[in-house]
Amino acid sequence: MLKDITLGQYVPGDSVLHRLDPRTKILLMVAYIVAVFLVKRIEVFPIIIIFTIAVTLLSRVRLSYIFKALKPMKLILPLMFLMNLFLIKTGDLLVEWWIFRIYKDGLINAVFIVLRLATLVTGTSLLTLTTTPIALTDGLEKLLTPLKIIKFPAHELAMMMTIALRFIPTLVEEADKIMKAQLARGADFESGNIIKRAKAMIPILIPLFVNSFRRADELAMAMESRCYHGGEGRTKMRVYSFKLIDLLAAIVMALLIASVILLNKYMPSIW
Amino acid sequence: MPIVVEKLTHTYMPNTDNEFVAVEDITLTINEGEFFGIIGHTGSGKSTFIQHLNGLMQPTSGSVTVDGFDMSDKKQRAKGRARVGMVFQYPDYQLFDSTVLDDVSFGPKNMGFAADEVKQRSLEAMRMVGLDPEVFAEKSPFELSGGEKRRAALAGIIAMRPKYLVLDEPMAGLDPSGRREILATINSLRDELKCTVIMVSHSMEDVAHSAERIAVMNDGKLYALGTPDEIFSKTNELISLGLDAPRTARLAQLLRERGCDVPEDIYTNERFVEWLKRRMKNA
C-alpha cells in the first residue's frame, strides 16, 4: 500500500558529482540557486540550461530519476505558466482571441518562471541523487560548526536529521501494518467526504504516534547506555577533505555566476 | 463452506530489480470448524500467505475464495473479509481508542450494528478473552500489560464474531505461562464460538497441542500438509528447515538415536507420559 514511497533518493555511482565533498556540493547548490535567481533577462537563461544539462550528464544519473523529481511540479508548472501568460498585461499585444489577450511581457515572464522552477528543481535534486543522506547530514554539520560560537546546536541538528532519515522506512512499514490491522477490523479509508476520511485516519495516527514515542524513548536509552553525550569530542568515522575536484567545481561555479552577471549587463537584446 | 486457496502466488515488486516471490503456488483448503496450524521459519512467507485469507493482500496469480466469495473481487471481498477475523502479532498496531471498551467496539461499529448491540458484543468479547469488563472496560488500552493488550486486541476481533479466526504468532514474546493462558483462551473461544481457528507460528510446540491439521511452509512454498502425527513423524526434516521441534519430540528423537523404541507419534508431554507409564507397567 505505502510501499511506493521512496525517500532519500540516492542513486549509487562513481561520477565526478558523486566524488565531490558533500560540503562542496551543499555550497555549490546554494551558489547555483543564486545563479538562477541572478538571471535578469531571458536571453541569458540558455547558459543556465546548458550548465544544468551538462551537470546532469556528468552525474550519470538516469534521466528517469530527474523526471521523477520534476513530477510533483506537474500541476504547479502549467498553473504558473498560464497565470503569468494571461495576467500580465504590459508590452505589445501578441494574440487576441475572444476574451483572451496575450501580451509580450506575459509570454516572456511565463517562459521565464517555468524555466526557473524546472532548472531549480533539477539542479537541487542532483544534490540528493548523488549524495547519501548520511554524507549530506555530515556535510551540513561541518558547515554549521562555526555557528557553535553563537550556541547554534550544529551536531544535535545533524543527529536529529540522521535519526529522522533512518526511521522514515521504519515508520512507513509500521503505518502499513497498522493500516492493515485496522482494515481487518472493518475500517474504511477510501470512501466518504473529506471530514469522514480525516476521521478515519485517527485509528492509524494514534498507534503510530504512541509507538514512535515509545521507540524514541528506547533509542534515547540505547544511545545513553553507549555513553552518547552530544557532539563534544566526538570523532567521525569518515573524515572529509577538500580535493582538487572540489576546487575545480568551485571555479566552474564561479565562472557561471560571473558570466551570468556579465551577460545580464552586456548581452545585446534580441527583441 | 471452506476457505479454498488455489495456486496462490504473491510477488513483491514484480518486474523490478527487487522482485521477490514471497508465496509460490500454494493450493490448500481450510475446512469449517477445524484448528489449522501454519508453521514456518521467519521469512517463509506465512505472514504474506495469511494476509491473503482476508483480502488484505491480493494474489499476483491464483485465487482465494472464502465461503464462495472471491477475495480478488472488490465487492465480494468486503463480505469475505467480515467472515475472516485477523489478529496481528503486535497489539500495539491496533489499539488506539481512549478506553478498552471503545477500542473493542471499533470493529462491530464498522460493521454497522446498532449501539446497544455493539456494546453487548464488545462486553461479551471482553469476557470471553478473560478481561473482566468491570475492571477493564473504562481503562485506557495503553495502561494494560503486554498480555492484557494482546487479549484486548483479540477481543476487538472476537467482537466481530468472525467465522474464521486467523492468529499471527499469538504467543510470540510471551513467557511460558502467558503462552499457556493464550492457548487456553483460544481453545475456549473455539468451543464457545464454534469458529475455525487458523494459527501461525514459527514454533512447532505452539501448534502441536491443538492443531488438527498443520501446513509447513518453507521458502514460500507449501512443504508439507497433514495431521500432527504425519507432520511430527518428520521431526528431523523440520529441524533442518530451521523450525523449533516440540521439546518432547526432540527428546523422543534423542531416545530413538540411542536405541530406545519410542513410537513416531509421540510429540506431546501427555502422550510421552502415557507411553512411559505403559512401558514401565510392561517391564
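Fair warning: this is a prediction, and the values are worked out from it, not measured in the lab.

Novice: I tried to follow the pairing of strand β8 (residues 196-201) of chain B on my own but got confused; where do I start?
Specialist: Two faces belong to every sheet, and in a regular strand the side chains alternate between them. All names here are of chain B. Summarising burial for β8: six of the six residues are buried, a large majority. Every second residue of β8 is oriented toward a common face, with T196, I198 and V200 on one face and V197, M199 and S201 on the other, all of them buried. Where strand β3 (residues 35-40) and β8 come together, five bridges link them in parallel fashion. Looking at the pairing, I39 lines up with S201 of β8. When strand β7 (residues 164-168) meets β8, the two strands line up parallel, connected through five bridges. Its bridge partner lying in β8, D168 is registered against V200.

Novice: How should I be thinking about the environment of L174 of chain B in this particular structure?
Specialist: Residues and elements named next belong to chain B. Residue placement: L174 occurs in the loop between β7 and α7 (176-193). Residues L174 and R150, 24 residues apart in the sequence, show an inter-C-alpha distance of 9.9 Å. Leaving out residues up to four positions away in the same chain, L174 has contacts with G147, R150, R179 and I182.

Novice: What is the right way to read the packing of aromatic side chains from this model?
Specialist: When we look at a pair of aromatic rings, we describe it by the centre distance and by the angle of the planes. All names here are of chain A. Per the stated rule, a full pass over the model turns up 12 aromatic pairs over all chains. Relative to F213, the ring of F209 lies with its centre 6.4 Å away and its plane at 35 degrees, an arrangement referred to as tilted. With F209 and F213 both in helix α10 (residues 202-225) and four residues apart, the pair spans about one turn of that helix. Assessed through its relative accessible area of 60%, F213 is described here as exposed.

Novice: Is there a simple way to think about the domain arrangement of chain B in this case?
Specialist: By a widely used convention, the size of an interface equals the accessible area lost when the partners come together. Residue and element names in this part refer to chain B. The domains assigned to chain B are domain 1 (3-236) and domain 2 (246-283). Each of domain 1 and domain 2 has a C-alpha centre, and the two are 33 Å apart. Facing 10 residues of domain 1, the contacting portion of domain 2 comprises 10 residues. Across the domain 1/domain 2 interface, buried area totals approximately 930 Å², and carbon plus sulfur atoms make up 53% of it. Among the residues of domain 1 in contact with domain 2, E205, D229 and T235 are the three that bury the most area, contributing 44% of the side total. Linking domain 1 with domain 2 are one salt bridge. One salt bridge connects R271 with D229, and the closest N-O pair in it is separated by 3.0 Å. Linking domain 1 to domain 2 there are two residue pairs in polar contact (both at pLDDT 80 or more).

Definitions and cut-offs
- Residues numbered from 1 in each chain as written.
- Chains lettered and ligands numbered in written order.
- Predicted model: local features only at pLDDT ≥ 70, side-chain atom pairs only at ≥ 80, totals over all residues.
- Heavy atoms only, no water.
- Buried < 20%, exposed > 50% of the residue type's maximum accessible area, 1.4 Å probe, protein only.
- Helix = DSSP H or I, 4+ residues; strand = E, 2+ residues; numbered from the N terminus.
- Pairing = 2+ DSSP bridges.
- Contact = heavy atoms within 4.5 Å.
- Phe/Tyr/Trp six-rings, centres within 6.5 Å; stacked < 30°, edge-to-face > 60°.
- Domains from an automatic or database assignment.
- Buried area = accessible area lost by both parts, 1.4 Å probe.
- Salt bridge = Lys/Arg side-chain N within 4 Å of Asp/Glu carboxyl O.
- Polar contact = N/O pair within 3.5 Å; in protein donor to acceptor, adjacent residues only side chain to side chain.

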